[in-house]
Amino acid sequence: MRQFYFFSRNLFEVTGGGLDPSWQLSLSMAVHQGLTFGKDWIFTFGPLGFLSTRLALYTGIIPLILLDLFSAGVLIYILDYTFDRLKDPLKFLFVPYFLVMLSHHRETNFILFTLFLFLIFHHLREKRLLSLVLAGIISLLTFYIKFNLGLVSVVIFYFYLLFNAITDSKNLISSSIFLLTHVITIIITAYFLHVDLPGYLLGGLSIIDGYNDAMFSTDYMKEQPRYAYYNLILAAILLSFLIYSVLSTFNQLKKNVSDAFIILVMLLALYLGFKQGFTRFDFFGMPYFFFYGAFFIGSAYLFVESIPIRKKLGLLLGISLFLSFFVSTGLGFSFNKITLPYQNLIFESSFSRTKDFEKLQNQYKLPESVLKEISRQTVDIVPYDVAYIFYNNLNYCPRPVIQSYQAYNDYLTSLNYQKYTSKTAPEYVLYNIGLSTDKNRYNLWSDSKTHLALLQEYDIRFTSVCNDTLQILKKSLRPRKLILAETDSSEVKMNEFIHFSQKGKLILMKAKIEYSFWGKLRRIFFQPPVLEAELIFEDGSHRKIKAILPELESGVILKGVRTNADAGTFFRTKGQGNKSVSEIKFIGNRLGFDQNIKLTLQEITFQQ
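As the structure is a prediction and not an experimental result, all values here were calculated from the model.

What's the story with the overall build of the protein chain in this structure? I'm lost.
Looking only at helices and strands, the protein chain features 24 helices and 13 strands. For 608 residues, the compact-globule estimate of 2.2 N^0.38 gives 25 Å, and the C-alpha radius of gyration of the protein chain, at 26 Å, lies within 12% of that figure. On the principal axes, the C-alpha backbone points of the protein chain span a range of 75 × 55 × 50 Å. For the protein chain, the proportion of its 608 residues judged to be buried stands at 56%. A separation threshold of at least 6 residues defines the contact pool for the protein chain, and within that pool the share at least 24 residues apart is 77%. Carbon and sulfur atoms make up 61% of the accessible area of the protein chain, which totals about 25,700 Å². Looking at the protein chain, you have 60 positive and 47 negative side-chain charges, and the mean spots of the two groups are 2 Å apart.

Quick question: what am I supposed to make of the packing of aromatic side chains here?
In this description, a pair of aromatic rings is defined by centroid distance and the angle of the planes. Counting across every chain of the model gives 42 aromatic pairs. Ring plane angle 45° and centroid distance 6.1 Å describe the contact between Phe 110 and Phe 296, whose orientation is recorded as tilted. In this pair, Phe 110 is assigned in helix 5 (residues 108-126) and Phe 296 in helix 14 (residues 286-303), connecting sequence segments 186 residues apart. The structure contains a cluster of three or more aromatic residues connected by ring pairs, namely Trp 23, Phe 37, Trp 41, Phe 43 and Phe 45. Lying across the ring of Phe 537, Arg 562 places its NZ or CZ 4.1 Å from the centre.

What am I meant to see in the environment of Glu 603 here?
Structurally, Glu 603 can be placed in strand 13 (residues 596-607). It is 37 Å that separates the C-alpha atoms of Glu 603 and Leu 197, two residues lying 406 residues apart in sequence.

Hey, could you run me through the packing of helix 7 (residues 147-167) against helix 8 (residues 172-192) in this one?
Running from N to C, helix 7 and helix 8 point in directions that differ by 160°, and their axes come no closer than 8 Å. Here helix 7 lies roughly antiparallel to helix 8, going by the angle between them. The two elements helix 7 and helix 8 cross, and the hand of that crossing is left-handed. Contacts between helix 7 and helix 8 involve Val 154, Phe 157, Tyr 158, Leu 161, Asn 164 and Ala 165 from the former and Leu 172, Ser 175, Phe 178, Leu 179, His 182, Val 183 and Ile 186 from the latter. In terms of residue class, the contact of helix 7 with helix 8 is made up of 10 nonpolar, 3 polar and no charged.

Help me understand the sheet that holds strand 13, please; the structure alone is not making it clear to me.
Each strand in a sheet pairs with its neighbour through backbone hydrogen bonds, running either in the same direction (parallel) or in the opposite one (antiparallel). One open sheet accounts for 4 strands, arranged 6-13-8-11; its pairing is antiparallel. In the strand order of this sheet, the two ends are held by strand 6 (481-493) and strand 11 (556-557), each with one partner. Two elements, strand 8 (residues 507-512) and strand 13, share 6 bridges in a ladder whose sense is antiparallel. Residue pairing across strands places Leu 508 opposite Gln 602, the latter belonging to strand 13.

Explain the pairing of strand 3 (residues 428-431) here, please?
Regular strands have side chains that alternate between both faces of the sheet. Along strand 3, one buried face is formed by Tyr 428 and Leu 430 and the opposite face, lined by Val 429 and Tyr 431, is buried too. Pairing analysis gives 4 bridges linking strand 1 (residues 378-382) to strand 3, with the strands arranged parallel. Within strand 3, the position partnered with Val 382 by the bridge is Tyr 431. Here strand 3 pairs with strand 5 (residues 469-475) via 4 bridges, running antiparallel. Following the sheet pairing, Val 429 is matched in strand 5 by Leu 473.

What is the right way to look at the environment of Gly 277 in this model?
Within the fold, Gly 277 resides in helix 13 (residues 257-278). Put simply, Gly 277 and Phe 289 are 12 residues apart on the chain and 6.2 Å apart in space, counted from C-alpha to C-alpha.

Teacher, can you tell me more about the pattern of salt bridges here?
Pairing between side chains of opposite charge can happen when the charged atoms of each approach one another. The tally for this structure, following the rule as stated, stands at 18 salt bridges. Measuring nitrogen to oxygen at the nearest pair gives 3.4 Å for the salt bridge that ties Glu 427 to Lys 474. Here Glu 427, found in the loop between helix 20 (410-420) and strand 3, pairs with Lys 474, found in strand 5; they are 47 residues apart in sequence, far enough to count as distant. Assessed through its relative accessible area of 24%, Glu 427 is described here as partly exposed.

What should I look at first to understand the nonpolar core in this one?
Nonpolar side chains in soluble globular proteins tend to be buried together. Ranked by internal contacts, the top residues of the largest apolar core, which has 132 residues, are Phe 113, Leu 313 and Leu 430. Looking at which element gives the most residues to this core, the answer is helix 14, with 13 residues. Excluding residues within four positions of it along the chain, Leu 313 makes contact with Ile 263, Met 266, Ile 297, Ala 300, Tyr 301 and Val 304. The next biggest cluster of nonpolar side chains, apart from the first, holds 49 residues, and it includes Leu 455, Leu 552, Phe 586 and Phe 593.

What counts as what
Residues numbered from 1 in each chain as written. Predicted model: local features only at pLDDT ≥ 70, side-chain atom pairs only at ≥ 80, totals over all residues. Heavy atoms only, no water. Helix = DSSP H or I, 4+ residues; strand = E, 2+ residues; numbered from the N terminus. Rg over C-alpha atoms; globule rule 2.2 N^0.38 Å. Buried < 20%, exposed > 50% of the residue type's maximum accessible area, 1.4 Å probe, protein only. Contact = heavy atoms within 4.5 Å. Areas by Shrake-Rupley, 256 points an atom, 1.4 Å probe, with all protein chains shown as cover. Lys, Arg positive; Asp, Glu negative; His and termini not counted. Charge placed at Lys NZ, Arg CZ, Asp CG, Glu CD. Phe/Tyr/Trp six-rings, centres within 6.5 Å; stacked < 30°, edge-to-face > 60°. Lys NZ or Arg CZ within 6 Å of the ring centre and 35° of its normal. Axes fitted to C-alpha atoms, helices over the stretch in contact; angles between N-to-C directions. Parallel < 35°, antiparallel > 145°, perpendicular 65-115°, else oblique. Left-handed = near helix turned anticlockwise from the far one by under 90°. Nonpolar A, V, L, I, M, F, W, Y, C, P; charged D, E, K, R; others polar. Pairing = 2+ DSSP bridges. Salt bridge = Lys/Arg side-chain N within 4 Å of Asp/Glu carboxyl O. Core = buried A, V, L, I, M, F, W, Y, C linked by side-chain atoms within 4.5 Å.

Given below as structure tokens:
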């Protein structure tokens, strides 16, 4: 019966509205419609992402049950080996941790990644073929579930095969066969899963890179400093012992390349956990470093051969397990409890789920007059609330980067522009300002080229009010030609106001701002330094916003669009009716940023 507890907390998740439920809906709809990932649909998740979201809208529950059975089988395989190998009291701590990991936490890819590392280490020591086969299967699954850890898993898998062949020439043929088989399998499965591999790789890497600049949050550092510094102190304690353990055993690592390989992979996994937890620094990020970190260290502890290294890892594992119980996750100790698997089948009735669905359907219901016109046409939603599309059963035709806050750079927002100016553009676009994804983020500055395409290719059809005010935009029969004329190019200074003389005009500003050397180090190992922009509008109003470097480099529109009423004016007057930004000051310290800013201004006009 023990595998029963390895199953997911919920067999399936239900639909919802808002930010995260919307991309989950979009993912399920993309799979259902057969959209090409990496071309028609670009996000951090792939075509098997529903195994992580656990929305069974179109795929049913069978794939979810199969994943749970597979994960349970791998865990049993791991635990049997672990209990045979461990001869000390530490083994009793593995049981609750394995249970918590798979029965409570929803991040499927991190769970699979943890199992994957164990299997790689196990094959390194035991040369058991089954471990290598399972590791290959998991790396393939993670690659198509969520790109970030999936790519890391594939790279580690290939690196291990190369390492295996180099350190022992007898493994050259088998490792080459495994490598070639894996590459061919990725290519074949990409065809059947509708994945454009070059686009999937390039889009995924662009989003990962942009996430580092855009999605960090300093709210907890400012608003809940005790919570923030408390967790940072715990992390510093663990990192200090980690550095000590590695440096004090450096000579042993030089003598044993297989131990060095294990420690190197363990350090990479811990780094990924730390970045996952501390880049955004929210309540749900903490477990990635502390809880999963215990597994990474414990797996290394099981498989290193050097006694001095093993002793240091044993101490580090004990410290890690001890500290993890004191981590503040925002949920108190509720994170650490073992919950019933598939509990929604026990505690939730189909009747209650139906009522919840109907409530959301009514909440997002568009007026009949609107539905009568657009129900048979292709429709997209800007910036992100796909629930409008789903609950009104509209014909979804998304731009590639489906949520505007993740069109982080010029490449990604250009893909959206190309979609909206092509023959496959949606006939209608629903637009609302949307809630900010981060405090002080200015939504108009996200996905700038999509806004240009909307001004160029679409006309406002009418305004509708249901869950929120929506501007309904219709593809123009006579699209306009976009003209960008450079009006100024100069070098300005950080922390000084920049004055604009083009009041009333529609201006695209491009600002090239560089991190300093220290800023780049912070970006790699923790969070990038904070850059803010203070805006002064024509009417004298002020606003301080979060400034995102790749968005500024791509170009931002210097207009005031802060409410849905502003959005209506923006599209109705092609931006001419909105207040312009008359002054900007970029606020960034000398330690984190180069103080010289390259600024380019372009006037936006449209020709019929």
